[in-house]
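The lines below spell out each chain.
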Protein chains: 2
Amino acid sequence: MPSEFQMIAEIFAPLAEGFPGALGLLDDAAVLTPRPGRDLIVTKDLMVAGVHFPADDPARLVGKKLLRVNLSDLAAMGAHPVGYLLGIALPENSDLAWLKAFAGGLAEDQAAFGITLVGGDTVATPGPVTVSLTAFGDVPAGEALTRSGAREGDQIMASGTIGDGVLGLGVASDDWGQLTETHRAYSLNRFQVPEPRLALGQRIRSLAHSAADVSDGLIADLGHIGSASGLGAVVQAVDVPLSDAARAALDIAGQSLLPDLLSGGDDYELVFTVAPGSVDQVLSLGHELGVRVTKIGRMVAGKGVQVLDDAGSPIVLPSGGYSHF
Amino acid sequence: MPSEFQMIAEIFAPLAEGFPGALGLLDDAAVLTPRPGRDLIVTKDLMVAGVHFPADDPARLVGKKLLRVNLSDLAAMGAHPVGYLLGIALPENSDLAWLKAFAGGLAEDQAAFGITLVGGDTVATPGPVTVSLTAFGDVPAGEALTRSGAREGDQIMASGTIGDGVLGLGVASDDWGQLTETHRAYSLNRFQVPEPRLALGQRIRSLAHSAADVSDGLIADLGHIGSASGLGAVVQAVDVPLSDAARAALDIAGQSLLPDLLSGGDDYELVFTVAPGSVDQVLSLGHELGVRVTKIGRMVAGKGVQVLDDAGSPIVLPSGGYSHF
């Protein structure tokens, strides 16, 4: 086990370079100087080996996913990344190579998404590797997107494709041997290295009435928007955007797989609601950003999320969404 | 295992009441609106059952200590508490009673220290209870106390008493049976429920050149100030403030215990440096706040921390300080 000071000096301090408030990671805390007229957005996600990622997953990918799931929370609020704190609980038998690869994944994504390590804590654990990240972002004051602003009649829109996360989880667990290697690799990559929709989140801030990221599953996260806004939601199953891999999986497993795709977690796409008159503008925006954006349903009076098939009949869904419990 | 939504609604949402940016803990992230002209101070500490606290410690005290060790980091920077994010990894067999007691400890200390829960994450783990807290504080822009500002000739001062943390750790491990029950209870309480020196930290902001909290041990944390400031430190052992319990332990174990007290962690006192001309003002401030403040040494050219006995001879110290590895 490397010493905490060795870890800081060799592995983490390089990730904090160029951020004066990180104080070289040598202080008790870090200093963030907010830009005038901005609100700070703060979010925290934990990942446990064997629960949120296989214990033998490449450490580089674990680092990337940890950062990306937090960036996805910032994206859902329309925020710009600022910095992050990192907490790591490491088993005694950990080696520097694991940590170096983990930090390598973080370094790649720091550069990709414009965010910097500012501090953290590293401790020992008799349990599995447990990583915790707190991400900071900012938005113009008062402009954070939330789950609670949806209005009756809003159109529901989703970015990217839905259901790849749970498919990738299956591939990671050696399911889906009948899928092609290409579709297996695509799904696994979507599960391991999700794409936080930061640019889209920032650009829809002035258009969307509400937004969430799809971490618990499309149905559950749309349900969160509904309950926070005091509304229900109706989704047309045929309109939910699916990847080629998910369509191939449906061909193999049959339509009974569809509820699993709509309820599975870890997609890290955005689901958001806009006034009907804003739909075209959002579609143009998606085109401009190179992000697929699809209209999938509408917000209605009432409560709960209903998914309708081609004939307009409700599809029975697993209760609730994806849960790590 | 209670569901995450049940935990949020029943246990955590009450801790976030009165903080609009917490969004009722129902959103992807929380919104902090910085006060104009203030820097934000951010810090994160993890605690693992069986490593940082005995697994059978009362949950209420675990909650209090987790919050207090983070508040101590804010105190070392001279910050005012603002809010915090909470991360919990819970074993599958956890029950609501543990969580309720844990949250009860947090609620007591939220009221005591003026800080509010704003968000977080709760996950399952096959390992021990692992808790992670990110605390936010603020200071007037540019006024954060750091470890790097010490000047040659500065007087070194410490709050409270030193060594009680490691003594309390011993008591928690059933050592120190020869101490009186009063001294055992005192030490255990110091270890389990440390006192973050927030008021002192805020008031010395304009007087101190550098500061740290004593989490790794007086010698190690003073060493951090020295290395961050490019200086050495000389401490007079006889001047280091000890509690009655620590003096009783020295009477029992002999002077060979002294280096352990000076190197033990978990005291959560402040160690800081001031110009010689400011010492009297700091002593008055301590008197006003009811916090013992003691002059224990001075910053010198060179590097490392030297502790001198009554005769002016160096005392041999365990290398480095307290480490959780």
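Each value, and the rule that gives it
Residues numbered from 1 in each chain as written. Chains lettered and ligands numbered in written order. Predicted model: local features only at pLDDT ≥ 70, side-chain atom pairs only at ≥ 80, totals over all residues. Heavy atoms only, no water. Salt bridge = Lys/Arg side-chain N within 4 Å of Asp/Glu carboxyl O. Helix = DSSP H or I, 4+ residues; strand = E, 2+ residues; numbered from the N terminus. Buried < 20%, exposed > 50% of the residue type's maximum accessible area, 1.4 Å probe, protein only. pLDDT = per-residue confidence, 0-100. Contact = heavy atoms within 4.5 Å. Pairing = 2+ DSSP bridges. Axes fitted to C-alpha atoms, helices over the stretch in contact; angles between N-to-C directions. Parallel < 35°, antiparallel > 145°, perpendicular 65-115°, else oblique. Left-handed = near helix turned anticlockwise from the far one by under 90°. Buried area = accessible area lost by both parts, 1.4 Å probe. Polar contact = N/O pair within 3.5 Å; in protein donor to acceptor, adjacent residues only side chain to side chain. Nonpolar A, V, L, I, M, F, W, Y, C, P; charged D, E, K, R; others polar. Expected span 1.5 Å × (residues − 1).

1. Structural notes on the pattern of salt bridges
Note that side chains of opposite charge can pair when their charged atoms are close.
Here is step 1: Under the criterion given, the structure shown has 30 salt bridges over all chains.
Here is step 2: Among the salt bridges present, the one from Arg147(B) reaches Asp28(A), with a minimum N-O distance of 2.8 Å. Pair noted here: Arg147(B) is in the loop between strand 5 (130–140) and strand 6 (155–159) and Asp28(A) is in the loop between helix 1 (4–12) and strand 1 (30–32), and the two residues belong to different chains. In this pair, the class of Arg147(B) matches that of Asp28(A), namely buried.
Here is step 3: In this structure, Arg190(B) engages Glu269(B) in a salt bridge whose closest nitrogen and oxygen atoms are separated by 2.9 Å. Taken together, the residues span a long stretch of sequence, with Arg190(B) in helix 5 (residues 181–192) and Glu269(B) in the loop between helix 9 (258–263) and strand 9 (270–274) at a distance of 79 residues. Here Arg190(B) matches Glu269(B) in class, with each residue buried.
Here is step 4: Salt bridges sharing partners connect three or more residues here, namely Arg60(A), Lys64(A), Arg68(A), Glu108(A), Asp109(A) and Glu195(A).

2. Here's the deal with the confidence of the model for chain A
All names here are of chain A.
Here is step 1: Summing up the model confidence of chain A, the mean pLDDT is 94 and the portion of residues at 70 or higher is 97%.
Here is step 2: Confidence over residues 320–325 falls short of pLDDT 50; this stretch has 19 contacts with residues more than four positions distant or in other chains.
Here is step 3: In the predicted assembly, ipTM is 0.92 and pTM is 0.94.

3. Focus: the sheet that holds strand 3 (residues 80–91) of chain A
Here is step 1: The strand order 4(A)-3(A)-5(A)-2(A)-1(B) describes an open sheet built from five strands, whose pairing is mixed. Two strands lie at the open edges of the sheet, namely strand 4 (116–125) of chain A together with strand 1 (30–32) of chain B, each paired on one side alone. Averaged over neighbouring strand pairs, the angle between their axes works out to 20° when direction is ignored.
Here is step 2: Bridging between strand 3 of chain A and strand 4 of chain A involves nine bridges; their strand directions are parallel. The partner of Gly83(A) across the bridge, within strand 4 of chain A, is Thr116(A).
Here is step 3: This element, helix 2 (residues 59–76) of chain A, spans strand 2 (38–48), strand 3 and strand 5 (130–140) of chain A of the sheet and lies at about 140° to strand 2 of chain A.
Here is step 4: Strands in contact with helix 3 (residues 96–113) of chain A are strand 3, strand 4 and strand 5 of chain A; relative to strand 3 of chain A, the strand with the most contacts, it is inclined by about 170°.

4. Here we look at the packing of helix 2 (residues 59–76) of chain B against helix 3 (residues 96–113) of chain B
Residue and element names in this part refer to chain B.
Here is step 1: For the pair helix 2 and helix 3, interaxial distance at closest approach is 6 Å and the crossing angle is 40°. Between helix 2 and helix 3, the angle falls in the class oblique. Relative to helix 3, helix 2 is oriented so that their crossing is right-handed. Residues Ala59, Arg60, Val62, Gly63, Lys64, Leu66, Leu67, Arg68 and Leu71 of helix 2 form the contact with helix 3, whose own contacting residues are Trp98, Ala101, Phe102, Gly105, Leu106, Glu108, Asp109, Gln110 and Phe113.

5. A look at the interface of chain A and chain B
Here is step 1: Contacts between chain A and chain B engage 61 residues on the former and 61 residues on the latter.
Here is step 2: Contact between chain A and chain B buries roughly 4,600 Å² in total, counting both sides, with carbon and sulfur atoms accounting for 64%.
Here is step 3: Summed over the shared surface of chain A and chain B, the number is two salt bridges.
Here is step 4: Summed over the shared surface of chain A and chain B, the number is 24 residue pairs in polar contact (both at pLDDT 80 or more).
Here is step 5: Of all the secondary structure elements, the ones that give two or more residues to the side of chain A that touches chain B are helix 1, strand 1, strand 2, helix 2, strand 3, strand 4, strand 5 and strand 7 (208–213) of chain A.
Here is step 6: At ten residues, strand 2 of chain A tops the list of elements feeding residues into the side of chain A that touches chain B.
Here is step 7: For the side of chain A that touches chain B, the per-class residue count stands at 34 nonpolar, 15 polar and twelve charged.
Here is step 8: Sheet analysis places strand 2 of chain A next to strand 1 of chain B, joined by three bridges and oriented antiparallel. Within the sheet, the bridge partner assigned to Ile41(A) lies in strand 1 of chain B and is Val31(B).

6. What about the sheet that holds strand 8 (residues 232–236) of chain A?
Residues and elements named next belong to chain A.
Here is step 1: Read from one edge to the other, the open sheet built from six strands follows the order 7-9-6-10-8-11, with strand pairing classed as mixed. Looking at strand neighbours, the two that pair on one side only are strand 7 and strand 11 (304–308), the edges of this open sheet. When the angles between neighbouring strand axes are averaged without regard to direction, this sheet yields 25°.
Here is step 2: With five bridges joining them, strand 8 and strand 11 adopt parallel strand pairing.

7. Quick notes on helix 7 (residues 218–229) of chain B
Residues and elements named next belong to chain B.
Here is step 1: Here helix 7 spans 16 Å end to end across twelve residues, near enough to the 16 Å set by a 1.5 Å rise per residue.
Here is step 2: With nine of twelve residues buried, helix 7 lies mostly within the body of the structure.
Here is step 3: Every buried residue of helix 7 is accounted for by Leu218, Ile219, Ala220, Asp221, Leu222, His224, Ile225, Gly226 and Ser229.
Here is step 4: Immediately downstream of helix 7, the backbone of Gly230 shows phi near 70°, a positive value.

8. A short note on the pairing of strand 9 (residues 270–274) of chain A
Each regular strand carries side chains that alternate between the two faces of the sheet.
All names here are of chain A.
Here is step 1: The element strand 9 is largely enclosed, with a buried count of five among its five residues.
Here is step 2: Alternating positions in strand 9 separate into two faces, Leu270, Phe272 and Val274 on one and Val271 and Thr273 on the other, with burial throughout.
Here is step 3: Alignment of strand 7 against strand 9, held across five bridges, turns out to be antiparallel. Across the sheet, the residue bridging to Ser210 is Thr273, located in strand 9.

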